[in-house]
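# Geometric and topological summary
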Amino acid sequence: MDRRLLIYSSIFSVASFGVAAVMSLSLSLYALSVFLDPILTLTIPLIIISVGIQLINQKNGPLLVGLISALLYGIFFLLFLSATFLVVGLVVEAISRKVGYRGFKAVMINTTLAGGLAGVLSVIFGFILLGIPSVHDLPILTLAFSLLYFGESAVMGVISNNIGKFLIKSGVIK
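Residues numbered from 1 in each chain as written. Predicted model: local features only at pLDDT ≥ 70, side-chain atom pairs only at ≥ 80, totals over all residues. Heavy atoms only, no water.

## With respect to the overall build of the protein
Along the protein, the regular secondary structure elements total eight helices and zero strands. The helix and strand sequence of the protein, counted from the amino end, reads α-α-α-α-α-α-α-α. When its C-alpha atoms are laid out on the principal axes, the protein stretches across 50 × 30 × 30 Å. Among the 174 residues that make up the protein, the fraction classed as buried is 47%. For the protein, restricting intrachain contacts to residue pairs at least 6 apart in sequence, the fraction spanning at least 24 positions comes to 76%. In the form shown here, the protein has an accessible surface area of approximately 8800 Å², with 75% of it arising from carbon and sulfur atoms. In the protein, the 10 positive side-chain charges and the 5 negative ones have mean positions that sit 20 Å from each other. (Helix = DSSP H or I, 4+ residues; strand = E, 2+ residues; numbered from the N terminus. Buried < 20%, exposed > 50% of the residue type's maximum accessible area, 1.4 Å probe, protein only. Contact = heavy atoms within 4.5 Å. Areas by Shrake-Rupley, 256 points an atom, 1.4 Å probe, with all protein chains shown as cover. Lys, Arg positive; Asp, Glu negative; His and termini not counted. Charge placed at Lys NZ, Arg CZ, Asp CG, Glu CD.)

Rendered as structure tokens:
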């Protein structure tokens, strides 16, 4: 395994995890709703991961970011998020090999897919591991929030692409 790949994957995974933890805990969203926490963590933490994948720009980058993120969430006993990042890492790696890691199309597909899947899967795995809440309109809420997760992730894809383009043009990313 490439040392650069391991270092960058670790840095961006830890940074994303740290920002997600601080944002979630500071607003106590884990206690409020299984639906609302993914909305918050699909902002800056998703941008950090997306820019990291652009910076890494090579095979196994998204997979390694997913594995390290899964490990971090597993260490803190958030097993539903750990399972989520394992699946997301595998799916985004497979898609990235077809569409690439940089460029508007690639960043939009990768970020939207990563964020949307992370939001939906974290809710599904959360329900499985923590129990399904007794909410009357659960299927409609799940569908509405799923659309929100993918939509929000698309917006984060545009932002990530612009940040990545800026970093490439300025010479920070090569």
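On we go.
## A closer look at the environment of Ser96
Position of Ser96 relative to the elements: it lies in helix α6 (residues 79–99). C-alpha separation for the pair Ser96 and Met156, spaced 60 residues apart in sequence, amounts to 17 Å. Once residues within four sequence positions are removed from consideration, Ser96 is found in contact with Pro62, Tyr101 and Asn110. For Ser96, the side chain forms a polar contact with the side chain of Asn110, separated by 3.2 Å. (Polar contact = N/O pair within 3.5 Å; in protein donor to acceptor, adjacent residues only side chain to side chain.)

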